[in-house]
Amino acid sequence: MDEKAWESLKLAAEQARSHAYAPYSNFSVGAALRGASGAVFVGCNVENASYGATLCAERAAMAAAVAAGEREFVALAIVSGAPKPTPPCGICRQCLFELGPSVPIRSFSGTDHAEYDLAELLPDAFDAAQLD
Ligand code: THU
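Residues numbered from 1 in each chain as written. Predicted model: local features only at pLDDT ≥ 70, side-chain atom pairs only at ≥ 80, totals over all residues. Heavy atoms only, no water.

In the vicinity of the ligand, the contacting residues are Ser25, Phe27, Val29, Asn45, Glu47, Thr54, Cys56, Ala57, Glu58, Pro87, Pro88 and Cys89. Here the ligand loses 78% of its free accessible area of 370 Å² to cover by the protein chains. Structurally, the ligand is housed in the largest pocket. Across the shell around the ligand, the residue classes break down as 7 nonpolar, 3 polar and 2 charged. (Near = heavy atom within 4 Å. Areas by Shrake-Rupley, 256 points an atom, 1.4 Å probe, with all protein chains shown as cover. 1 Å grid on protein atoms, 1.4 Å probe; cavity = no way out; pocket = protein on both sides within 12 Å on 5 of 7 lines; lining within 4 Å. Sits in = over half its atoms within 2 Å of the grid points. Nonpolar A, V, L, I, M, F, W, Y, C, P; charged D, E, K, R; others polar.)

Before going further, it helps to spend a moment on the side chain of Ser107. Relative to the elements of secondary structure, Ser107 occurs in strand 4 (residues 105-109). Among the residues examined, Ser107 registers a relative accessible area of 0% and is labelled buried. Separated by 2.7 Å, the side chain of Ser107 and the backbone oxygen of Thr86 make a polar contact. Each residue touching Ser107, except ones within four places of it in the same chain, is listed here: Ile78, Pro85, Thr86, Asp112, His113, Ala114 and Tyr116. (Helix = DSSP H or I, 4+ residues; strand = E, 2+ residues; numbered from the N terminus. Buried < 20%, exposed > 50% of the residue type's maximum accessible area, 1.4 Å probe, protein only. Polar contact = N/O pair within 3.5 Å; in protein donor to acceptor, adjacent residues only side chain to side chain. Contact = heavy atoms within 4.5 Å.)

This part takes up helix 1 (residues 3-17). For helix 1, built from 15 residues, the straight-helix expectation of 21 Å at 1.5 Å per residue is met to within 8% by its first-to-last C-alpha distance of 21 Å. At its buried positions, helix 1 is contacted by strand 1 (29-35), strand 2 (40-44), strand 3 (73-80) and strand 4. (Expected span 1.5 Å × (residues − 1).)

With that settled, consider the pairing of strand 3. Among the 8 residues of strand 3, 7 are classified as buried, and the element is accordingly described as predominantly covered. Bridging between strand 1 and strand 3 involves 7 bridges; their strand directions are antiparallel. In the sheet register, Leu33 faces strand 3, and the bridge partner there is Leu76. Where strand 3 and strand 4 come together, 4 bridges link them in parallel fashion. Bridge assignment links Val79 to a residue of strand 4, and that residue is Phe108. (Pairing = 2+ DSSP bridges.)

Okay, the sheet that holds strand 1 next. Through backbone hydrogen bonds, the strands of a sheet pair up, either in parallel or in antiparallel fashion. Strand order in the open sheet formed by 5 strands is 2-1-3-4-5, and the pairing between neighbours is mixed. Of all strands in the sheet, those bounded by a partner on one side alone are strand 2 and strand 5 (112-116). For this sheet the average axis-to-axis angle between neighbouring strands, irrespective of direction, equals 20°. Note: strand 4 against strand 5, 5 bridges, orientation antiparallel. In the strand pairing of strand 5, Ser107 is matched with Ala114. (Axes fitted to C-alpha atoms, helices over the stretch in contact; angles between N-to-C directions.)

What follows is the structure, given as structure tokens:
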């Protein structure tokens, strides 16, 4: 993906972040996932008084994509308000691995960004092959 495409994906994630429901952590996150069709699906974190029921932005974006029939992903942008770019959490790594094991991931914070490789973030992942 070129820089212009990353910029527009970042903007979509930023917009989604503005809808985050994070009254407990005050840590708002937005994510935007571009599918192979070119369509973009967004998500934000949705917290819950029962903290463990919280949904992360990345998984919300992935669920939106799958619900729309998109199962192939070409890029994921994450935006948080942290001073430094934040990587996806462990649960999101596992979920992303299911359908996008090699999806390029960029996390943005202000003008800074970091790029992550899911295979490095989640080595020796548990996947469908292990259920055989
Ligand atoms: N969060 C995400 O949305 N994505 C991540 O990858 C890390 C954590 C959310 C969950 C919770 O609402 C808040 O950030 C603090 O953990």
